[in-house]
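The chain contents come next:
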Amino acid sequence: MRLDKYLKVSRLIKRRTVANEACDVGRIEVNGRVVKASYDVKIGDVIEIRMGERTVKVEVLQIADHVLKNDASLMYKVL
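Residues numbered from 1 in each chain as written. Predicted model: local features only at pLDDT ≥ 70, side-chain atom pairs only at ≥ 80, totals over all residues. Heavy atoms only, no water.

Asks: Could you give an account of the layout of surface pockets, with specific residues and numbers?
Replies: Quantified by volume, the largest pocket comes out at close to 170 Å³. Around the largest pocket, the lining residues are Leu-12, Ile-13, Ile-49, Met-51, Arg-54, Val-56 and Tyr-76. Elements with a contribution of two residues or more to the lining of the largest pocket: strand S3 (46-51) and strand S4 (54-60). A breakdown of the residues in the lining of the largest pocket according to their chemical character gives six nonpolar, no polar and one charged. (1 Å grid on protein atoms, 1.4 Å probe; cavity = no way out; pocket = protein on both sides within 12 Å on 5 of 7 lines; lining within 4 Å. Points joined across faces, edges and corners; volume = space filled by probe spheres on them. Helix = DSSP H or I, 4+ residues; strand = E, 2+ residues; numbered from the N terminus. Nonpolar A, V, L, I, M, F, W, Y, C, P; charged D, E, K, R; others polar.)

Asks: Can you tell me about the environment of Thr-17, naming the residues and giving the values?
Replies: With respect to the helices and strands, the residue Thr-17 is situated in helix H2 (residues 16-25). Put simply, Thr-17 and Val-46 are 29 residues apart on the chain and 21 Å apart in space, counted from C-alpha to C-alpha.

Asks: Go over the nonpolar core, please, and point to the residues and values.
Replies: Formed by 23 residues in total, the largest nonpolar core has its most connected members in Leu-3, Tyr-6, Leu-7, Ile-28 and Ile-47. With four residues, helix H1 (residues 3-9) is the largest single contributor of residues to this core. In contact with Tyr-6, not counting residues within four places along its chain, are Met-1, Leu-12, Val-41, Ile-47, Val-60, Leu-61, Gln-62, Ile-63, Met-75 and Tyr-76. (Core = buried A, V, L, I, M, F, W, Y, C linked by side-chain atoms within 4.5 Å. Buried < 20%, exposed > 50% of the residue type's maximum accessible area, 1.4 Å probe, protein only. Contact = heavy atoms within 4.5 Å.)

Asks: Got a sec to walk through unusual backbone geometry? Specific residues and values, please.
Replies: Despite not being glycine, Arg-11 has its phi angle at roughly 65°, a positive value. A relative accessible area of 43% means that Arg-11 is categorised as partly exposed. Even without glycine at this site, Asn-31 takes up a positive phi of about 55°. Mapped onto the elements, Asn-31 comes out in the loop between strand S1 (28-30) and strand S2 (33-34).

Asks: Go over a positive patch on the surface with me, naming the residues and quoting the values.
Replies: Positive charge collects at one region of the surface, where Lys-8, Arg-11, Lys-14, Arg-15 and Lys-69 lie side by side. Note that Arg-11 resides in the loop between H1 and H2. (Patch = residues over 30% accessible without salt bridge, like charges linked within 9 Å, V, L, I, M, F, W, Y side chains within 5 Å. Areas by Shrake-Rupley, 256 points an atom, 1.4 Å probe, with all protein chains shown as cover. Salt bridge = Lys/Arg side-chain N within 4 Å of Asp/Glu carboxyl O. Lys, Arg positive; Asp, Glu negative; His and termini not counted. Charge placed at Lys NZ, Arg CZ, Asp CG, Glu CD.)

Asks: Describe the pattern of salt bridges, with residues and values.
Replies: Overall, the coordinates contain five salt bridges when judged by the stated rule. A salt bridge links Asp-4 to Arg-16; the nearest nitrogen and oxygen atoms lie 3.3 Å apart. Taken as a pair, Asp-4 in helix H1 and Arg-16 in helix H2 lie far apart in primary sequence, 12 residues in all. Linking Asp-65 and Lys-5 is a salt bridge whose minimum nitrogen-to-oxygen distance equals 4.0 Å. Taken together, the residues Asp-65 in the loop between S4 and strand S5 (76-78) and Lys-5 in helix H1 connect sequence positions 60 residues apart. What makes Lys-5 partly exposed here is its relative accessible area of 27%. Members of the salt-bridge network, linked through shared partners, are Arg-2, Asp-4 and Arg-16.

Without other data, these values stay purely geometric and don't point to any function.
This is the structure we're talking about:
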């Protein structure tokens, strides 16, 4: 699954366009590398999101195309 779609489905970022723009600007790293929105997310990847002064670091636990709002937090573990 593409990184921008994963960020939207997991609700780490509310909109896919915002996730795409964050990738373009270099605010998102996967496993310590700045990546593009087209990066293929795999289970076990560590995603670091820098938005303003806030930094969120999560590990991918599962990948799904559609998830209910209550189950979205089960897709990742906050580090």
